[in-house]
Amino acid sequence: MRYEVPETVSPEAKVALQQTYGLLSQIAQAPQSAPSTGEEWDARNARAEAVIGPIVAANAEALGVTVESDTIGGVSVLRIRPPGYTPQNRSLIYAHGGGYVLFSARTSLTVPALMAVASGDEVISVAYTLAPRGNWKTATDELIAVYRGALADRQPDQIGLLGDSAGGGLVAGAVLKMRDQQLPLPGALYLLSPWSDITNTGDSYTTLAAADPSLNAESLEWGANVYAAPTDQKNPYVSPVYGDYSQPFPPTLIQGGTREIFLSHFVRHYQAIRGGGNVAVLDLYEGMPHVFQALAPQIPETAASMERAAEFFDAHLAGR
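These remarks concern the structure in this document. (Residues numbered from 1 in each chain as written. Predicted model: local features only at pLDDT ≥ 70, side-chain atom pairs only at ≥ 80, totals over all residues. Heavy atoms only, no water.)

Let's talk about the overall build of the protein chain
Stage number 1. Of regular secondary structure, the protein chain possesses 10 helices and 8 strands.
Stage number 2. Taken over the C-alpha trace, the protein chain has a radius of gyration of 18 Å; the compact-globule value for 320 residues is 20 Å, and the two agree within 12%.
Stage number 3. Overall, the protein chain is about 45 × 45 × 40 Å in size when its C-alpha atoms are taken along their principal axes.
Stage number 4. Contacts spanning at least 24 positions in sequence make up 80% of the contacts within the protein chain whose residues lie at least 6 apart.
Stage number 5. In the protein chain, the 20 positive side-chain charges and the 32 negative ones have mean positions that sit 3 Å from each other. (Helix = DSSP H or I, 4+ residues; strand = E, 2+ residues; numbered from the N terminus. Rg over C-alpha atoms; globule rule 2.2 N^0.38 Å. Contact = heavy atoms within 4.5 Å. Lys, Arg positive; Asp, Glu negative; His and termini not counted. Charge placed at Lys NZ, Arg CZ, Asp CG, Glu CD.)

Here you go:
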């Protein structure tokens, strides 16, 4: 069941996901125990990056983007630009996924490259410090530092933020922190399969546990516990589903698939934002796994999701 591709997805998705799931089934291993030292976490990440790095590099090359290293607000970033890019009066800032313990801006190029091509904008990917070298305070402060740096050249409503998985949770949590710091808020957010609650809470953690081909609740808990102590895990900066959305919050597009244990996160986060009186759109895709855009960048479902995200930014950001 875990690696089954439903008949209700597009023909292109069926082929692409069968290939992807075949690879995942070969490399998947039952969790043994959580790494206990920084060096063990680094080694785990190095193994993951060795698998994903060549695939991501090939995706970026196929999309024709250019990638340049830079520093904004004292934080390392990558500037990702679409083919034929001409400077625009708006910017997008991206936070990558990986459970806060895996991957990097360099090995997470697929989603920001897709977004750059779809929107025509430069996407700034933040190389935040992974746990356990960093934690939720470090990561949110680094994202906010990049945002503050972008405000030197842009008005708040000319800046959009996006993030996938852990990066989606980081983006939303950092925006709640910005609001408490009385910073002007960005114009819009785009959250792809966001890890909005790191406490392993939600109906789909039970109902979809055996159906999710990408995520494992036990190993997610390992990352959660080094990113934030259990006593901090319901802090809205850590798990933004618990935020106060009766106060202003940027218009937010949330996308995800129906084969994710995070599905409950999307629904609860969407309801929290809408329930507080703010703008939110929940855009779900049949049979799609966690951050399907990164796993299958060339399928119709990915094209549709990126088109809708670009339209969402066009509707809510100034600068065009």
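On we go.
Observations concerning the packing of aromatic side chains
Stage number 1. Under the criterion given, the structure shown has 9 aromatic pairs.
Stage number 2. Look at Y100 and Y227: their rings are 3.6 Å apart centre to centre, the planes differ by 5 degrees, and that puts the pair in the stacked class. Of the two residues, Y100 sits in the loop between β3 (91-95) and α3 (110-119) while Y227 sits in helix α7 (residues 217-227), which places them 127 residues apart along the sequence.
Stage number 3. Relative accessible area serves as the criterion here: at 2%, Y227 is assigned to the buried category.
Stage number 4. Seen from their ring centres, W136 and Y237 are 6.4 Å apart, and the 50 degrees between their planes marks the pair as tilted. With a gap of 101 residues between them, W136 in helix α4 (residues 136-150) and Y237 in the loop between α7 and β7 (252-257) connect regions that are remote in the sequence.
Stage number 5. Residue classification places W136 among the buried positions, given a relative accessible area of 8%.
Stage number 6. For Y237, a relative accessible area of 18% gives the class buried. (Phe/Tyr/Trp six-rings, centres within 6.5 Å; stacked < 30°, edge-to-face > 60°. Buried < 20%, exposed > 50% of the residue type's maximum accessible area, 1.4 Å probe, protein only.)

Description of the sheet that holds β3
Stage number 1. Taking strand neighbours across the sheet as the criterion, the 8 strands line up as β1-β2-β4-β3-β5-β6-β7-β8 in an open arrangement whose pairing is mixed. Either end of the sheet is taken by a strand with one partner, and the two such strands are β1 (66-72) and β8 (280-285). Mean inter-strand twist for the sheet, computed between neighbouring axes without regard to direction, equals 20 degrees.
Stage number 2. Strand direction decides the pairing type here: strand β2 (residues 75-81) and strand β4 (residues 123-126), joined by 4 bridges, are antiparallel. Directly across from V77, in β4, lies its bridge partner V126.
Stage number 3. Against the sheet, helix α10 (residues 300-316) touches β3, β5 (159-164), β6 (188-192), β7 and β8, its axis set at about 165 degrees to β6. (Pairing = 2+ DSSP bridges. Axes fitted to C-alpha atoms, helices over the stretch in contact; angles between N-to-C directions.)

Details of the pairing of β6
Stage number 1. Counting buried positions over the 5 residues of β6 gives 5, a clear majority of the element.
Stage number 2. Residues A188, Y190 and L192 line one face of β6 and the alternating positions L189 and L191 line the opposite face, and both faces are buried.
Stage number 3. Two elements, β5 and β6, share 5 bridges in a ladder whose sense is parallel. Bridge pairing links G160 to A188 in β6.
Stage number 4. Two strands pair when backbone bridges link them, and β6 and β7 are joined in this way by 4 bridges, in the parallel orientation. Bridge pairing in β7 places Y190 opposite L253.

A few points about the nonpolar core
Note on soluble globular proteins: their nonpolar side chains tend to be buried together.
Stage number 1. With 59 residues, the main nonpolar core has I93, L161, W195 and Y227 as its most contacted residues.
Stage number 2. Sequence-distant contacts of Y227, that is, excluding residues within four places in its chain, are made with Y100, A131, N135, W136, A139, L170, I198 and V238. (Core = buried A, V, L, I, M, F, W, Y, C linked by side-chain atoms within 4.5 Å.)

Observations concerning the pattern of salt bridges
Two side chains bearing opposite charge may form a pair once their charged atoms approach each other closely.
Stage number 1. Following the criterion strictly, the structure yields 11 salt bridges and no others.
Stage number 2. In this structure, R81 engages E68 in a salt bridge whose closest nitrogen and oxygen atoms are separated by 3.7 Å. A residue pair is termed long-range when its members are at least 10 positions apart, and R81 in strand β2 and E68 in strand β1 qualify at 13 residues.
Stage number 3. Judged by relative accessible area, which is 22%, R81 ranks as partly exposed. (Salt bridge = Lys/Arg side-chain N within 4 Å of Asp/Glu carboxyl O.)

Remarks on α4
Stage number 1. The terminal C-alpha atoms of α4 lie 21 Å apart, and with 15 residues this matches the ideal 21 Å at 1.5 Å per residue to within 8%.
Stage number 2. Among all positions in α4, only W136, A139, T140, E142, L143, I144, A145, V146, Y147 and A150 are buried.
Stage number 3. Sitting at the amino-terminal end of α4 is N135, which places a side-chain oxygen 3.0 Å from the backbone nitrogen of K137. (Expected span 1.5 Å × (residues − 1). Polar contact = N/O pair within 3.5 Å; in protein donor to acceptor, adjacent residues only side chain to side chain.)

With respect to the environment of N89
Stage number 1. Here N89 lies in the loop between β2 and β3.
Stage number 2. When the C-alpha positions of N89 and Q158 are compared, they lie 6.8 Å apart, and in sequence the two are 69 residues distant.
Stage number 3. For N89, the contacting residues outside a window of four places in its chain are R154, Q158, A318 and G319.

Some thoughts on unusual backbone geometry
Stage number 1. Residue P132 follows A131 across a cis peptide bond; omega there is 5 degrees.
Stage number 2. Inspection of the secondary structure assignment puts P132 in the loop between β4 and α4.
Stage number 3. Despite not being glycine, S165 shows a phi value in the positive range, around 55 degrees.
Stage number 4. By the element assignment, S165 lies in the loop between β5 and α5 (166-180).
Stage number 5. Here the phi dihedral of V291 falls at roughly 45 degrees; this positive angle occurs in a residue that is not glycine.
Stage number 6. Tracing the sequence through the fold places V291 in the loop between β8 and α9 (292-295).

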